[in-house]
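# Working through the structure, step by step
Take a look at the letters that make up each chain.
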Amino acid sequence: MLVNTKAKVGVFSIALGAYLPQFPQLVPEFNAQYDAFKKTLPDTVEIIDGGLVTTKEQAMAAGDKFRAADVDLVFLQMLTYATSYNVLPAIRDLDVPVVVVNVQKKLAPDYENTDIATWLGELYACGAVGEAVADLERAGKRHAVITGVVEGGDEGVASEIEDWCKAAQVRRRFRQTNIAQIGRPYPGMMDLYIDETNLYNRMGLYTKQFDWEDMWCIADNITDEAAIRAKAQDILDTFEIEGGGSIEEVWEMAKYVLAFEQWVKDEDIALVASHYAGKAQGQAGVLDSMLIPAFSMLIKQGTACAVEGDMKVAMAMSILKTIAGTGQLSEMYSIDFNEDICIIGHSGSGDADISLAHKPTMKIVKVFHGKVGGGYLTQFYPPTGDITYLAITQDKDGNFKFIVAEGENQPGPIFTFGDTNMRTKFSISAREFVNRWSEAGPTHHMAAAVGRHADTILKVAKILGIPVEVVCR
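The rules we used
- Residues numbered from 1 in each chain as written.
- Predicted model: local features only at pLDDT ≥ 70, side-chain atom pairs only at ≥ 80, totals over all residues.
- Heavy atoms only, no water.
- Pairing = 2+ DSSP bridges.
- Helix = DSSP H or I, 4+ residues; strand = E, 2+ residues; numbered from the N terminus.
- Axes fitted to C-alpha atoms, helices over the stretch in contact; angles between N-to-C directions.
- Contact = heavy atoms within 4.5 Å.
- UniProt positions renumbered as here; feature names shortened; annotations may be inferred.

Below, the discussion takes up the sheet that holds strand S1 (residues 7-14). With parallel pairing, the five strands of this open sheet are ordered in space as S2-S1-S3-S4-S5. The open sheet has two edge strands with one neighbour each: strand S2 (45-53) and strand S5 (143-149). Sheet twist, expressed as the average angle between the axes of neighbouring strands with direction ignored, equals 20°. Judged from the six bridges that link them, S1 and strand S3 (residues 73-78) form a sheet pairing that is parallel.

A few words on the sheet that holds strand S7 (residues 206-210). Spatially, S7-S6-S9-S10 is the arrangement adopted by the four strands of the open sheet, whose pairing is parallel. Strands at the two margins of the open sheet, each flanked by one partner only, are S7 and strand S10 (304-306). Between one strand axis and the next, the sheet turns through 20° on average, direction left out of account. Inspection of the sheet shows strand S6 (residues 178-183) paired to strand S9 (residues 269-275) by six bridges, in the parallel sense. Its bridge partner lying in S9, Gln 181 is registered against Ala 273. Its contacts with the sheet place helix H8 (residues 196-203) against S6 and S7, and it is angled at close to 150° to S7.

All right, on to the UniProt feature "domain: L-fucose isomerase C-terminal" (unreviewed entry) in the chain then. Mapped onto the present numbering, the UniProt feature "domain: L-fucose isomerase C-terminal" (unreviewed entry) falls at residues 384-469. Counting secondary structure, residues 384-469 comes out at 24% helix and 38% strand; the distance between its end C-alpha atoms is 25 Å.

Shown next as structure tokens:
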């Protein structure tokens, strides 16, 4: 990955302080359970450890740690009954969700041989969950609950925790990195226009503006022939080039890919939205002809690159790439009424990781339809099976909204003129899907990812404080 980010996750556990002097054996028991829980968190997160909290003062100290670290999410482990004053001081000044982890140590009681200490230490947590959530609600905090068991393992709990950590990584990536805007949106596509100050205030994502003049000379200092050769081979390994290809033929492209990779690192860029509408002559024409495969190579490495200057779909691509591993720019193409499927796709740069049905292809075309110039066009081939679509839009007040749909890609013929496209069937009819999706008010672009990810997107939305409209599942 060109830009690596680890979510910062606050973690603390609570227990009632009055129990500890009464049952001293609970102290090592609770410490062991808390340590074991922290080890279940994936290495995609940095743990901000708030400790075992049994007093208001300890909760305040945990809150100070969480606030100083600007955590993206908080996990609260319920060890036993605890009053909610152990909770609120730790999260009062935070604007992130609190996930209440209600995971019991034992599968079931040994009723005849369970004493009070064993009950409180290994079999009791659920009674305090309602109290904690009631006060989180009254404090206006976003929240969720995970209930499960330690003994025997619990795949559902592990999956939920992993999903929350992936969702938290989206927030960290937005706050820690930048989005590059090169040029301006495609003229007249008013659904794509955006207020960058509003974007920063609402999503925490800062925009760095670049002119195309900055980009034309970006590869001038790339002279390491060994590095260029290796990157040229990487391009040949990634794409099947129409008519065959050689290192020499993609040499100039490799230089630009290396230059863009260095630029991404230097500027801390995780998202790019670009559109070129110049005359495409000279050095400008050279760069313009190879932007599509060059940006595709960036997407492969985790940097979302959107065409037509669409910053909102760049965010959607980045979200899906972060939580699902794939993020492909798409839009509505056609409806096959005979098969009751929607044809969905887009021209331009794409995600090689989604091209599981066939190696991505590259060919030279004389005309980029609707745009100036010609050059290299790439096509990607998503597999049959589950697919998730995500669009990000705004209302009249500038508030962002996620629009989500899950479907299934079907086998069958696709367009072969060089654009990525998929045959997607939904749980509702194609015409109803188009009606519902359109009435949700998306931009005309969306991002696609292999698999079903609506539940994780809902978690991302809760972390970012964004409403979601699920069109179908």
